[in-house]
Amino acid sequence: MTEAILLVGGKGTRLRPLTVYTPKPMVRAAGVPFLTHQLARARAAGVEHIVLATSYLAEVFEPYFGDGSALGLHIEYVTEDEPLGTGGAIRNVADRLRSGPDDPVLVFNGDILTGLDIRALVDTHETTGADVSLHLTRVADPRAYGLVPTDGTGRVLAFLEKPQTPEEIVTDQINAGAYVFRRSVIDTIPADRPVSVERETFPGLLAAGAHLQGMVDSTYWLDLGTPAAFVRGSADLVLGRAPSPAVPGRCGDRLVLPTARVAPDAKVTGGTVVGEGAFVAEGARISGSTILPGAVIEPDAVVTDSLIGARARVGERSVLTGTVIGDGAVVGADNELREGVRVWCDARIPAGALRFSSDQ
């Protein structure tokens, strides 16, 4: 198995304002664009040729990754003129594949951080003779996901949309967003129109009698679709809870990248990343957060489980918990921002303008 497709065309609307100027796979996690971790893990599993299916802000991928040689890969880029969905994107890049009709092709969603044993998924696909094999994971509360029940041999029995009642929760297994396709199956996906593999391709194959195999791998798995999840995923990479050969430094309590500056008495913990050229001033306390390049955290600010955008500034004594500050935004001194707050790119919040508690 030497080639893969990475689906990186989504707009990342749930991650805005992080994705206003940056496509979701290029938002930095543990110091590098998230896509770097996926590419490095694919290479470590033996993949050599990868096709990136791009759409939103497609022009930023190739200048960064080039031909992939720096990662030991050969990368090609295919851009959708109009969004085609997961299945349509796979079909749209089919002519760039080199595999024979019965060869396996790996497919990744571009927003999943996982410890999946990629080789084991391919081995399962080959030993069972499946047409498509799916990585499945178990979750405590499957109501937000599509369910994928299997029989005792792992063969997929059905694809069930998000359950609405307890009776509909027939399994805790969900589609985890990584697949192995028999090459010839990709050619059966309709071309030049939007197609969802989850809602159309997989149920259609099952109805036609195709062999769809599930492999449960319940190692680390996280959908990075929300700001809170993205920040947590980055911290888990730094802490070593999520595996990646692309973390630019040793795993530990913090990752301070070259040219970043952290005052001696500042406290930076919990898997925090301080990006290139960023500055954390004296008395600041940062935990479980991502500080993107060029950002400034002023004296005595407290930042917890938050993402501070490139060139953004957090003022003295401001307290941020579970918030996202867009690129170039300024949060003045003595503000208090809590869970779910998103400050848009280049916005300005005056000193003492926003609080959840009194000013005493």
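Keep in mind the model is a prediction, meaning the values are calculated, not measured. Numbers given to residues run from 1 along each chain, matching the order in which its sequence is written. Only residues with pLDDT of at least 70 get local features here, since the model is predicted, and only at 80 or more are side-chain atom pairs given and counted; chain-wide, interface and lining totals rely on the full set of residues. Hydrogens and water molecules were not included; the side-chain quantities draw on all heavy atoms of the structure.

## Brief notes about the pairing of strand β6 (residues 104–109)
Thought 1: Burial runs high along β6: 6 of the 6 residues are buried.
Thought 2: Of the two faces of β6, the one lined by P104, L106 and F108 and the one lined by V105, V107 and N109 are each fully buried.
Thought 3: Two strands pair under a simple rule: DSSP has to find at least two bridges between them. A helix here means a DSSP run of H or I that spans at least four residues, while a strand means a run of E at least two residues long, and both kinds are numbered starting from the N terminus. As defined by bridge partners, strand β1 (residues 3–7) adjoins β6 across 4 bridges and the pair is classed as parallel. Each bridged residue has a counterpart across the sheet, and for A4 the counterpart in β6 is L106.
Thought 4: As judged from the 5 bridges shared by β6 and strand β9 (residues 173–182), these two strands associate in the antiparallel manner. Paired with V107 across the bridge in β9 is Y179. Only protein chains enter the calculation, and the probe is 1.4 Å; a residue is then buried if its accessible area is under 20% of its type maximum, exposed if over 50%, and partly exposed in between.

## Examining the nonpolar core
Thought 1: Ranked by size, the top nonpolar core spans 29 residues in total, and within it I5, I90, L134, F181, F202 and L212 carry the most contacts.
Thought 2: Those elements that provide at least two residues to this core are β1, β4 (49–54), α3 (85–92), β6, β8 (132–138), β9, α5 (183–186) and α6 (197–207).
Thought 3: Throughout, a contact is declared for two residues whenever any of their heavy atoms are within 4.5 Å. When residues no more than four places from it in sequence are discounted, the contact partners of I5 are V51, I90, V93, L97, V105, L106, V107, F108 and I186. The set of buried Ala, Val, Leu, Ile, Met, Phe, Trp, Tyr and Cys residues whose side-chain atoms join them within 4.5 Å is what this entry labels a nonpolar core.

## Details of the pairing of β1
Thought 1: Along β1, 5 of the 5 residues are buried, which leaves the element largely enclosed by surrounding structure.
Thought 2: Covered by surrounding structure in β1 are E3, I5 and L7 together with A4 and L6, the residues of both alternating faces.
Thought 3: Taken together, the 5 bridges between β1 and β4 define a ladder with parallel strand orientation. Each residue of the ladder has a partner; that of I5, found in β4, is V51.

## As for the layout of surface pockets
Thought 1: A cavity here means a set of points on a 1 Å grid, drawn over the protein atoms and nothing else, where a 1.4 Å probe fits but cannot get out; a pocket is an open set with protein on both sides within 12 Å along at least five of seven lines, and a residue lines either one if it has an atom within 4 Å of a point. Grid points are joined across faces, edges and corners, and a volume is the space filled by probe spheres set on the points. Each pocket or cavity is described by its volume, and for the largest pocket that value is around 1,300 Å³.
Thought 2: In terms of lining, the largest pocket is formed by 45 residues, of which the most central are R14, T86, N109, D111 and E198.
Thought 3: Among the elements that take part in the lining of the largest pocket, β9 stands out by supplying 4 residues, more than any other.
Thought 4: If you trace the second largest pocket, you find it lined by L18, Y21, T22, M26, V27, R28, P33, Y64, L292, P293, A310 and D327.
Thought 5: Per-class residue counts for the lining of the second largest pocket are 9 nonpolar, 1 polar and 2 charged. Residues are sorted three ways: Asp, Glu, Lys and Arg are charged, Ala, Val, Leu, Ile, Met, Phe, Trp, Tyr, Cys and Pro are nonpolar, and all the rest, Gly among them, are polar.

## Section: unusual backbone geometry
Thought 1: Each neighbour pair has its own omega, and for R16 with P17 the value is 15°, a cis peptide bond.
Thought 2: By secondary structure assignment, the location of P17 is in the loop between β1 and β2 (28–29).
Thought 3: In this model, A30 sits at a positive phi of 55°, which is unusual for a non-glycine residue.
Thought 4: As for its position among the elements, A30 is in the loop between β2 and β3 (32–33).

## So, empty space enclosed by the protein
Over the atoms rolls a probe the size of a water molecule, and in doing so it shows where empty space is left.
Thought 1: The final tally for this structure, using the stated rule, is 2 cavities of 30 Å³ or more.
Thought 2: By volume, the largest cavity amounts to about 80 Å³.
Thought 3: As for the largest cavity, its lining consists of F34, H37, Q38, R41, F108, I112, L113 and T114.
Thought 4: For the lining of the largest cavity, the elements supplying multiple residues, two or more each, are α1 (34–44) and β7 (112–114).
Thought 5: Residue contributions to the lining of the largest cavity peak at 4 residues, all from α1.
Thought 6: The space that makes up the second largest cavity amounts to roughly 40 Å³.

## Description of the sheet that holds β6
Thought 1: The 7 strands are arranged β5-β4-β1-β6-β9-β8-β10 in an open sheet whose pairing can be described as mixed. Each of the sheet's edge strands pairs with one partner strand only, and the pair in question is β5 (74–79) and β10 (212–216). Recorded for the sheet is a direction-independent mean angle of 25° between the axes of neighbouring strands.
Thought 2: Note on geometry: axes are C-alpha line fits, over the in-contact stretch for helices, and angles between N-to-C directions span 0 to 180 degrees. Lying over the sheet, α1 contacts β1, β4, β5 and β6, oriented at roughly 150° with respect to β4.
Thought 3: The sheet strands contacting α3 are β1, β4, β5, β6 and β9, and the helix crosses β1 at an angle near 140°.

## Remarks on helix α4 (residues 118–128)
Thought 1: Residues of α4 that are buried include every one of I118, L121, V122, T124 and H125, and no others. The buried residues of α4 occupy an angular sector of 155° when the element is viewed end-on, so they sit on one face.
Thought 2: The secondary structure elements touched by the buried residues of α4 are α1, β6, β8, β9 and β10.
Thought 3: In protein, a polar contact requires one atom able to donate a hydrogen and another able to accept it; more generally it is a pair of N or O atoms within 3.5 Å, and residues adjacent in sequence count only if both atoms are side-chain atoms. Capping of α4 at its N-terminal end is provided by D117; its side-chain oxygen lies 3.3 Å from the backbone amide nitrogen of R119. This arc is built from the directions going out from the helix axis to the C-beta atoms.

## Section: the pattern of salt bridges
Thought 1: The working definition used for a salt bridge is a side-chain nitrogen of Lys or Arg within 4 Å of a carboxyl oxygen of Asp or Glu. Applying the stated criterion to the full structure yields 18 salt bridges.
Thought 2: The salt bridge involving R241 is made with D236; its shortest N-O contact spans 3.3 Å.
Thought 3: Relative accessible area serves as the criterion here: at 6%, D236 is assigned to the buried category.
Thought 4: Of the charged contacts in the structure, one is a salt bridge between E316 and R317, with a shortest N-O distance of 3.6 Å.
Thought 5: Here R317 falls in the partly exposed class, since its relative accessible area comes to 41%.

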